[in-house]
Amino acid sequence: DLAAPAGLVIATTNMLQELDTALIRRFQLQLAFPAPTPAALNEFARKKAKQYRLRLGKAVTNAVLAAESFAAAEAVVVQARRVELLRPEA
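Notes on the structure in this doc start here. The shown structure was predicted, so the numbers you read here are calculated from the model rather than taken from an experiment.

Turning to unusual backbone geometry, a few remarks are in order. If you check the backbone angles, Arg53 has positive phi at about 55° while not being a glycine. Note that Arg53 resides in the loop between helix 2 (38-51) and helix 3 (58-65).

See the structure below:
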């Protein structure tokens, strides 16, 4: 008689190559979440910038495209907004 599982384990890593394959085989389900593409990062940043009424300059756009995640891209946009808000009036 097969008993129902007693629990649920969720594990994450960004260093899959460092894990023993015997450990990985123990998981019934494996999902991969690839890094976002530059196009996806750019679209995400444009939407965030629109929320903040921020025009993305070349330096900010380049920083967004170099981001490794959506969270990092959002941090770039938020920092650009902070700089804009703290800039003294001319």
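Alright, that's what it looks like, and here's the rest.
This part takes up the environment of Phe44. Its location among the elements puts Phe44 in helix 2. You can call Phe44 partly exposed: its relative accessible area is 23%. Each C-alpha atom, one on Phe44 and one on Ala63, is 13 Å from the other, the two residues being 19 residues apart in sequence. If we skip the residues at most four places from it in the chain, Phe44 touches Phe70, Ala73 and Glu74.

With that out of the way, let us pick up the side chain of Lys48. Structurally, the position occupied by Lys48 is in helix 2. Judged by its relative accessible area of 18%, Lys48 is buried. Setting aside residues up to four positions removed in sequence, Lys48 forms contacts with Glu74 and Val77.

Time to look at the packing of helix 2 against helix 4 (residues 70-86). The interhelical angle for the contact between helix 2 and helix 4, taken along N-to-C directions, is 40°, at an axis separation of 10 Å. Classified by the angle their axes make, helix 2 and helix 4 are oblique. Helix 2 and helix 4 meet at a crossing whose hand is right-handed. Taking contact as the criterion, the partners of Ala40, Leu41, Phe44, Ala45, Lys48 and Ala49 in helix 2 are, on helix 4, Phe70, Ala73, Glu74 and Val77. Among the residues forming the contact of helix 2 with helix 4, the class breakdown is eight nonpolar, no polar and two charged.

Criteria and cut-off values
Residues numbered from 1 in each chain as written. Predicted model: local features only at pLDDT ≥ 70, side-chain atom pairs only at ≥ 80, totals over all residues. Heavy atoms only, no water. Helix = DSSP H or I, 4+ residues; strand = E, 2+ residues; numbered from the N terminus. Buried < 20%, exposed > 50% of the residue type's maximum accessible area, 1.4 Å probe, protein only. Contact = heavy atoms within 4.5 Å. Axes fitted to C-alpha atoms, helices over the stretch in contact; angles between N-to-C directions. Parallel < 35°, antiparallel > 145°, perpendicular 65-115°, else oblique. Left-handed = near helix turned anticlockwise from the far one by under 90°. Nonpolar A, V, L, I, M, F, W, Y, C, P; charged D, E, K, R; others polar.

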